[in-house]
Amino acid sequence: MILIDGKKIAAELREELRQEVVELKAKYNKIPGLTVILIGDMAPSQIYVRMKEKAANEVGLKSEVIRYPEAVEEKTVLDKIEELNKDESISGILVQLPLPKHIDKQKVIETILPGKDVDGFHPMNVGNLSSGYESSVPCTPLGCYLMIKKVEPNLSGKKAVMIGRSNLNGKPMAQLLLKENCTVTITHSKTKDLKAECLEADIIVAAVGIPELVKADWVKKDAIIIDVGINKTDNGIVGDVAFEEVSKVARALTPVPGGVGPMTIACLLKNTIESFKRSQK
Ligand code: NAP
């Protein structure tokens, strides 16, 4: 079984991106800038933002975190985004989710210029992705896609099953695999026989949030399994896939932690650099 080492693949990607930033600086005499807006003091968001900032600095991006208290007015945040939209030194803007209830998430997402939307959540980017045009792609599915391609470069004709249909994971993941000529099934909480769907799959991407939902007897021999889930349990953090038993059946599998997580952050940096390059065209 191939253990898909997301930590290692992400480190290699960051190194490639670091070199690319050096080349871009030599060519344009400027470097891509990433600004993250963090509202409130929720512990997981603080940790994610710190990891993103560290990774951005490591590859040589210009990086900035703007922090607001939980009670900040929506208008203050929207005005700041407008200001960053006009700032030519900023290639990527990310507003860390979730947001406090009084702030309209969709309004925030739609205020970010599509060209600077490094999370790939703006409806323009969602539409471009599903139309097969150039777009910013949400970081987690992009990371999953790059890991799948490492194991199997030719995905044409493969049967892929997404478990979960969120805008963040299942839907964009399905679009990426469809573009690779996979036959894609998107499953969700109302799917009648999830096990039967999974048993058909050459590739399973599980993004559900249910600890160890996917068992060995759900998995076809030699399938590629990507585990997006992060679930806190009494036994620590586990994914949506029962790792031990599934590792005996699968051809390749991502661990949790150390699989999808590190790739998500590396892909944010990749998206920022891509935004910069598009803006120079
Ligand atoms: P989400 O928005 O809650 O979506 C979960 C999806 O799972 C929904 O589409 C839901 O179906 C489906 N679902 C729920 N129960 C199901 C069941 N019994 N059978 C089949 N489908 C079922 O979650 P998300 O934001 O996509 O995140 C999913 C997981 O990934 C979470 O554990 C999250 O922490 C993790 N995550 C990890 C990363 C990373 O970087 N590693 C990034 C993002 C998220 P309905 O649509 O019918 O409700």
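Right above here is the structure, for reference.
All values reported here derive from a predicted model rather than from experimental measurement.

Thresholds, definitions, all that
Residues numbered from 1 in each chain as written. Predicted model: local features only at pLDDT ≥ 70, side-chain atom pairs only at ≥ 80, totals over all residues. Heavy atoms only, no water. Helix = DSSP H or I, 4+ residues; strand = E, 2+ residues; numbered from the N terminus. Disulfide = S-S within 2.5 Å. Buried < 20%, exposed > 50% of the residue type's maximum accessible area, 1.4 Å probe, protein only. Salt bridge = Lys/Arg side-chain N within 4 Å of Asp/Glu carboxyl O. Core = buried A, V, L, I, M, F, W, Y, C linked by side-chain atoms within 4.5 Å. Domains from an automatic or database assignment. Contact = heavy atoms within 4.5 Å.

## Some words on unusual backbone geometry
In step 1: Look at the link from Leu97 to Pro98: it is a cis peptide, with omega at 0°.
In step 2: Turning to its location among the elements, Pro98 is positioned in the loop between β4 (92-95) and α4 (105-111).
In step 3: Here the residue pair Val256 and Pro257 is connected by a cis peptide bond, since its omega of -5° sits within 30 degrees of zero.
In step 4: One can find Pro257 in the loop between β11 (252-253) and α10 (260-280).

## As for the state of the cysteines
In step 1: Taken as a whole, this structure holds zero disulfides when the rule is applied.
In step 2: The cysteine Cys182 is free of any disulfide, with Cys144 supplying the nearest cysteine sulfur at 13 Å.
In step 3: Distance from the sulfur of Cys267, which forms no disulfide, to the nearest cysteine sulfur (Cys139) is 6.5 Å.
In step 4: The buried category is assigned to Cys267, whose relative accessible area is 0%.

## A short note on the pattern of salt bridges
Oppositely charged side chains may form a pair once their charged atoms are brought near each other.
In step 1: For the structure shown, the criterion picks out 16 salt bridges.
In step 2: Notably, a salt bridge pairs Glu58 with Arg14, separated by 3.2 Å at the nearest N-O pair. In this pair, Glu58 sits in helix α2 (residues 43-58) while Arg14 sits in helix α1 (residues 6-28), placing the two residues 44 residues apart along the sequence.
In step 3: Residues Lys221 and Asp222 are paired through a salt bridge, measuring 3.7 Å at the closest nitrogen-oxygen approach.
In step 4: Classification of Asp222 as partly exposed rests on a relative accessible area of 44%.
In step 5: Three or more residues are tied together by salt bridges with common partners; here these are Glu20, Lys270, Glu274 and Lys277.

## A short note on the nonpolar core
In step 1: By size, the foremost hydrophobic cluster in this structure holds 51 residues, and its most contacted members are Ile4, Ile148, Met173, Leu177, Ile203, Val205 and Ile226.
In step 2: Looking at which element gives the most residues to this core, the answer is α10, with nine residues.
In step 3: Lining this core are residues from two domains, each supplying at least three of them: domain 1 (29-113) and domain 2 (139-260).
In step 4: Excluding anything up to four places from it in sequence, Ile203 contacts Ile148, Leu155, Lys158, Lys159, Ala160, Val161, Cys182 and Ile224.
In step 5: Within the second largest apolar cluster, 19 residues are counted, among which are Leu194, Leu213, Val241 and Val246.

## Section: helix α7 (residues 170-179)
In step 1: Among all positions of α7, only Gly170, Pro172, Met173, Ala174, Leu176 and Leu177 are buried.
In step 2: In this structure, the buried residues of α7 make contact with α5 (123-131), α6 (139-151), β5 (159-163), β6 (183-187) and β7 (203-206).

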